[in-house]
Amino acid sequence: MAKGEFHKMHGLGNDFVIIDARVSPIEMSPARVRAIADRKHGIGCDQLILLTKSNVADVTMRIFNADGSEVEACGNASRCVVALLKQDLKIETKGGIIFGQLSGNDVTVSMGEAKFEWQDIPLAFAMDSASLPLAWEELQNPMAVNMGNPHAVFFVDDADAVDLARLGPMIEHDAAFPERVNINVASIDGNEIHLVVWERGAGLTGACGTGACATAVAAIKQGKVQSPVVVHQKGGRLTIAWAPGQPVIMAGSATYVFTGHADWDDFG
């Protein structure tokens, strides 16, 4: 049996099963991910994080959504990995290299530079990423940002008033986004942001680190707020700092929940 240890952690309620497979590699199929992530029959998580060896960094972080799809980046998971390994880290992801640093009770992560070109999002065809000529009912003309993964950012008067549970799947799977998209609905209060996120492959989550980064970048770029900015989500708050041409810096908590052991063959 492929027995192994796992760690349950969360960043502002965005929860993860983290498996350190650097010593004993584990095959991770979409079906196995879905079984582990199942909250009734498995361990339960928004994302499964698989740590493997890296030739260019301290560790490689592979990120799987609850639906079994593998994605490029996850800010909350990055903070959790730094907290788990209890050291400053250079982390290799499919979205690029990121840097994490222990900072008291919080973890600060350099998430790399935001990208804005339509082909970098990516979009299905050339269009103005600063204000996409697209609308889904009251959600109109989002700004598109790539934070290692694709995001669409909508600014509205009241983020909580938007039925994102209904509109999220519609936008996520729109043909305009060939790799699907994360949907961020935000409202501004002074120099603070209130944010609700629909994550591709995971749905509504308590918090999304890359979503907070993308939304803060969009708000700063559009002159709605100044850096650094506090982003409030259901699970808590993150502080995001950014200047054009510079990496996006995110600071926030990472919480250890428990450790367990499992026979991975039981999950398919």
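Residues numbered from 1 in each chain as written. Predicted model: local features only at pLDDT ≥ 70, side-chain atom pairs only at ≥ 80, totals over all residues. Heavy atoms only, no water.

1. Some thoughts on helix 4 (residues 209–221)
Taking 1.5 Å as the rise per residue, helix 4 with 13 residues should run 18 Å; its terminal C-alpha atoms sit 18 Å apart, in good agreement. In terms of burial, helix 4 is a largely internal element, 12 of the 13 residues being buried. Turning to helix 4, its buried residues are G209, T210, G211, A212, C213, A214, T215, A216, V217, A218, A219 and I220. In the segment just after helix 4, G223 is the residue with positive phi, at about 75°. (Helix = DSSP H or I, 4+ residues; strand = E, 2+ residues; numbered from the N terminus. Expected span 1.5 Å × (residues − 1). Buried < 20%, exposed > 50% of the residue type's maximum accessible area, 1.4 Å probe, protein only.)

2. Description of the packing of aromatic side chains
Scanning the model with the defined rule gives 6 aromatic pairs in all. Through pairs of rings, three or more aromatic residues link up here, namely F6, F258, W264 and F267. The ring of F116 has K221 sitting right over it, with the charged end atom 4.5 Å from the ring centre. We note K224 situated over the ring of F155; from NZ or CZ to the ring centre the distance is 5.2 Å. (Phe/Tyr/Trp six-rings, centres within 6.5 Å; stacked < 30°, edge-to-face > 60°. Lys NZ or Arg CZ within 6 Å of the ring centre and 35° of its normal.)

3. Quick word on the nonpolar core
Counting residues in each nonpolar core, the largest one holds 52 residues, and the members touching the most others are I18, I49, L51, M61, V81, I240 and V248. Broken down by element, this core gets its largest block of residues, 8 residues, from helix 4. The residues contacting L51, other than those within four sequence positions of it, are I18, I19, D20, A21, R22, V59, T60, M61, V81, L84 and L85. The next biggest cluster of nonpolar side chains, apart from the first, holds 21 residues, and it includes M127, L167, I183 and V185. (Core = buried A, V, L, I, M, F, W, Y, C linked by side-chain atoms within 4.5 Å. Contact = heavy atoms within 4.5 Å.)

The values are spatial; any link to function lies outside them.
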